[in-house]
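# Examining the three-dimensional arrangement
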Amino acid sequence: MEVERRGYIVQLSSERSTKDGRNLLGEAKPFCISKREVWEAYKQVKANKGAAGVDDVSIEEFEKDLKNNLYKLWNRMSSGSYFPSPVRRVEIPKDGGGSRPLGIPTVMDRVAQMVVMRRLEPELEKHFHPDSYGYRPGKSAVQAVGVARKRCWQKAWVLDIDIKGFFDNIDHELLMRAVEKHSDGKWVELYIVRWLKAPVQMLDGSEVAAEKGTPQGGVISPLLANLFLHYGFDRWMQRNCPHIPFERYADDVICHCESERQAKWLWGSIVKRMAECKLELNREKTQIVYCKDHRRKREYPKGTFDFLGFTFQPRVVKAGKGDMFIGFNPAISNKAARGIRDEIRRWRLHLRSDESLEELSRRYNPIIRGWVNYYGSYYKAKTIQAFQALHLILTKWAKRKYKKFRGHQRRASRWLVRIRKRSPQLFAHWQLAHMNVAGQ
């Protein structure tokens, strides 16, 4: 495989088409796309991994004829003859029941989308709002949660916005108007339209035409969604409500208001704005939340909201000098904690008695570390509680692996605690337990 990769790079540097977009006969291609762009896009797609599309070709299968596949894609894209395959529909279960539809393009289509995204993203980044955090370089969900926390301390009211079926209902015509403002080549617009219009292959094999929306799962979908809400929401807020700060992560939006009256006015105004964008708010999930004096709970019963896997609510906080007070702070949500516990149970660690504790650490600690790094960013004490199930499962593992612990739950548990104190680096959640987390 490495030989083919090097061969493709050699071809990049030797053919006249590399820099000037010409083919072997010296004929100019209608669209100036270099082979180097296709190669760099492929490397990013491979790093992101992902499932096969409707052609059942995985990244590993794609690599078996890598040079020809990438050349074929470059030739079609630069000549205007590239057409995407249908998008494979899959259903991802939601924690609260139901499912979320995802659209999985083929590997070749993902590479093509990455080519366009690499061209378009630098231009859009110059214009995006600083409080838009989703799927942007240098931005993260942890940053959005931190800014929301600070603003909840400053302003008493929050409007928690939920856009109903956002990705599935993006209007293609409005989206393309936004794309045309920023694209530097007609081929960018041409291929985005083709991706938007690509049919969806349903679970039963039938194909459905795409009249609206951009499927979650596509490489370029998050960028297009951000662009749509940049004009549909961010710029509108700047013009009409410059005094109301907000945080937006894709279609998850939190607005901070001075009063309940202002929050109600904003809610009504955003309903009208979304209608102009051919979207609507989810009236059951959109809510106004009071986030100041917890003693007024009877007067304002809605005093909590979820944002990016964290629940914001009044919590006991330790001040710098050790004094305790009630502050409105985020901590891992019950829904996120339940998702972690369910995933840990699916590992069935207690049945892996043929492996050592170090082997289990190498296999699962990267996943645990990701959870700890994210959810442990705020109120670590609550995060530690989410991993109690893992301690119980590791205790069961110890009882199966070592005869001396069979029938002795407490003895196995104490043994694990000693291991944790001696080698806290084995599992990331053990390191949390060593921190002074009170009041965070």
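What counts, and where the lines are drawn
Position numbers for residues start from 1 in each chain and track the written sequence from start to end. Reporting in this predicted model follows two pLDDT cut-offs: at least 70 for local features of residues, and 80 or more for side-chain atom pairs to be given and counted; totals over whole chains, interfaces and linings ignore these cut-offs and use all residues. Calculated side-chain values reflect all of the structure's heavy atoms, with hydrogen atoms and water omitted. We call a pair of cysteine sulfur atoms a disulfide whenever their separation is within 2.5 Å. Only protein chains enter the area calculation, which uses a 1.4 Å probe; residues under 20% of their type maximum are buried, those over 50% are exposed, and those in between are partly exposed. In this description, a line fitted to the C-alpha atoms serves as the axis of each element, helices being fitted only across the stretch in contact, and the angle between N-to-C directions of two axes falls anywhere from 0 to 180 degrees. A run of H or I in DSSP counts as a helix once it spans at least four residues, and a run of E counts as a strand once it spans at least two, with each numbered from the N terminus. Between 65 and 115 degrees an angle is taken as roughly perpendicular, under 35 as roughly parallel, over 145 as roughly antiparallel, and anywhere else as oblique. Each crossing is labelled by how the near helix is turned from the far one, with a counterclockwise turn of less than a right angle marking it left-handed and a clockwise turn marking it right-handed. What makes two residues a contact is simply this: any of their non-hydrogen atoms within 4.5 Å. Here the term charged refers only to Asp, Glu, Lys and Arg, the term nonpolar to Ala, Val, Leu, Ile, Met, Phe, Trp, Tyr, Cys and Pro, and the term polar to all other amino acids, Gly among them. For the purposes of this section, nonpolar cores are sets of buried Ala, Val, Leu, Ile, Met, Phe, Trp, Tyr and Cys residues that join through side-chain atoms within 4.5 Å. For patches, a residue must show more than 30% relative accessible area and have no salt bridge; joins then use 9 Å for like charges and 5 Å for nonpolar side chains, namely Val, Leu, Ile, Met, Phe, Trp and Tyr. Where accessible areas are quoted, they stem from the Shrake-Rupley method and a 1.4 Å probe; at the residue level, only the protein chains shown are allowed to cover. Just to be clear on terms, a salt bridge is a Lys or Arg side-chain nitrogen sitting within 4 Å of an Asp or Glu carboxyl oxygen. All tallies of charge rest on Lys and Arg as positive and Asp and Glu as negative; His and the ends of each chain are not included. In this description, the location of a charge corresponds to atom NZ of lysine, CZ of arginine, CG of aspartate or CD of glutamate. Pairing of aromatic side chains requires ring centres within 6.5 Å, counting the rings of Phe and Tyr and the six-membered ring of Trp. Pairs whose planes differ by under 30 degrees are stacked, by over 60 edge-to-face, and all others tilted. Our definition puts a charge over a ring when NZ of Lys or CZ of Arg is within 6 Å of the ring centre and also within 35 degrees of the ring normal. The rule for pairing is simple: two strands pair if DSSP sees at least two bridges between them. Grid spacing is 1 Å over the protein atoms alone, the probe is 1.4 Å, and a cavity is where that probe fits but cannot get out, while a pocket is an open set with protein on both sides within 12 Å along at least five of seven lines and lining residues have an atom within 4 Å of a point. Grid points are joined across faces, edges and corners, and a volume is the space filled by probe spheres set on the points.

## A short note on the state of the cysteines
On inspection of all chains with the given rule, the structure shows zero disulfides. You can see Cys152 has no disulfide; the closest cysteine sulfur is in Cys291, sitting 4.3 Å from it. Judged by its relative accessible area of 0%, Cys152 is buried. Just so you know, Cys241 is unpaired, no disulfide at all, and the nearest cysteine sulfur is the one on Cys255, 8.0 Å from it.

## Observations concerning the packing of helix 14 (residues 357–375) against helix 16 (residues 388–401)
It is the contact of helix 14 with helix 16, at a shortest axis distance of 13 Å, that shows an interaxial angle of 160°. It follows that helix 14 is roughly antiparallel to helix 16 by the angle criterion. Along this stretch, helix 14 crosses helix 16, giving a crossing that reads as right-handed. Across from Leu357, Leu360 and Ile368 in helix 14, the residues of helix 16 making contact are Leu390, Leu394 and Trp397. For the contact of helix 14 with helix 16, the class distribution of residues is six nonpolar, no polar and no charged.

## Things to note about the nonpolar core
Judged by nonpolar contacts, the single largest core of 72 residues is most densely connected at Met77, Ile192, Phe233 and Cys255. Phe233 has contacts with Ile161, Phe246, Arg248, Val253, Cys255, Ile270 and Met274, leaving out every residue within four places of it along the chain. If you look at the next biggest cluster of nonpolar residues, it comprises 51 residues, including Ile254, Phe312, Ala337 and Trp397.

## Digging into a positive patch on the surface
On the surface, Lys404, Arg410, Arg411, Arg414, Arg418 and Arg422 cluster together into a patch of positive charge. Within the secondary structure, Arg414 sits in helix 17 (residues 409–422).

## Some remarks on the packing of aromatic side chains
For any two aromatic rings, the description comes down to two numbers: the centre-to-centre distance and the angle of the planes. Applying the stated rule across the entire model yields 28 aromatic pairs. Between Phe166 and Phe167, the ring centres sit 5.3 Å apart and the planes meet at 75°, which makes this aromatic pair edge-to-face. Using a relative accessible area of 2% as the deciding quantity, one classes Phe166 as buried. Judged by relative accessible area, Phe167 falls into the buried class, the value being 8%. Taken together, the ring pairs connect Phe31, Tyr82, Trp187, Tyr191 and Trp195 into an aromatic cluster. The cationic tip of Lys35 hangs over the ring face of Trp74; the distance from NZ or CZ to the ring centre is 4.8 Å. In this structure, Arg194 is placed above the aromatic ring of Phe83, and the distance from its NZ or CZ to the ring centre is 3.7 Å.

## Remarks on the sheet that holds strand 2 (residues 99–104)
The strand order 2-1-4-5 describes an open sheet built from four strands, whose pairing is mixed. Both outer strands of the open sheet, strand 2 and strand 5 (207–208), are each paired with one neighbouring strand and no more. Judged from the six bridges that link them, strand 1 (residues 87–93) and strand 2 form a sheet pairing that is antiparallel. Residue pairing across strands places Glu91 opposite Pro101, the latter belonging to strand 2.

## Re empty space enclosed by the protein
Scanning all chains against the criterion turns up one cavity of 30 Å³ or more. As a volume, the largest cavity reaches approximately 120 Å³. In terms of lining, the largest cavity is formed by 15 residues, of which the most central are Val87, Gln113, Trp195, Leu196 and Pro215. Ranked by the residues each element gives to the lining of the largest cavity, the list is headed by helix 10 (residues 186–197), at three residues. Here the residues of the lining of the largest cavity are counted per class, giving 10 nonpolar, four polar and one charged.

## Some words on the pairing of strand 7 (residues 252–257)
Here strand 7 lies mainly inside the structure; five of its six residues are buried. Relative to strand 7, strand 6 (residues 246–249) runs antiparallel, the two sharing four bridges. The partner of Arg248 across the bridge, within strand 7, is Val253. With antiparallel pairing between neighbouring strands as the criterion, strand 6 and strand 7 make up a hairpin whose turn holds two residues, including Ala250 at a positive phi of roughly 55°.

## A short note on the pattern of salt bridges
Summed over the entire model, instances satisfying the criterion amount to 21 salt bridges. Residue Glu63 is joined to Lys46 by a salt bridge in which the shortest nitrogen-to-oxygen separation is 2.8 Å. Of this pair, Glu63 sits in helix 4 (residues 59–63) while Lys46 sits in helix 3 (residues 35–48), and the two are 17 residues apart along the sequence. For Glu63, a relative accessible area of 7% puts it in the buried group. Under the relative-accessibility criterion, Lys46 is labelled partly exposed at 29%.

## Overview of the layout of surface pockets
Approximately 330 Å³ is the volume found for the second largest pocket. What lines the second largest pocket is a set of 21 residues, among which Arg89, Asp168, Val200, Ala210 and Lys212 lie closest to the centre. Only strand 1, strand 2, helix 8 (166–169) and helix 10 provide two or more residues apiece to the lining of the second largest pocket. For the lining of the second largest pocket, the element with the highest residue contribution is strand 2, accounting for three residues. Across the lining of the second largest pocket, the residue classes tally to 13 nonpolar, four polar and four charged.

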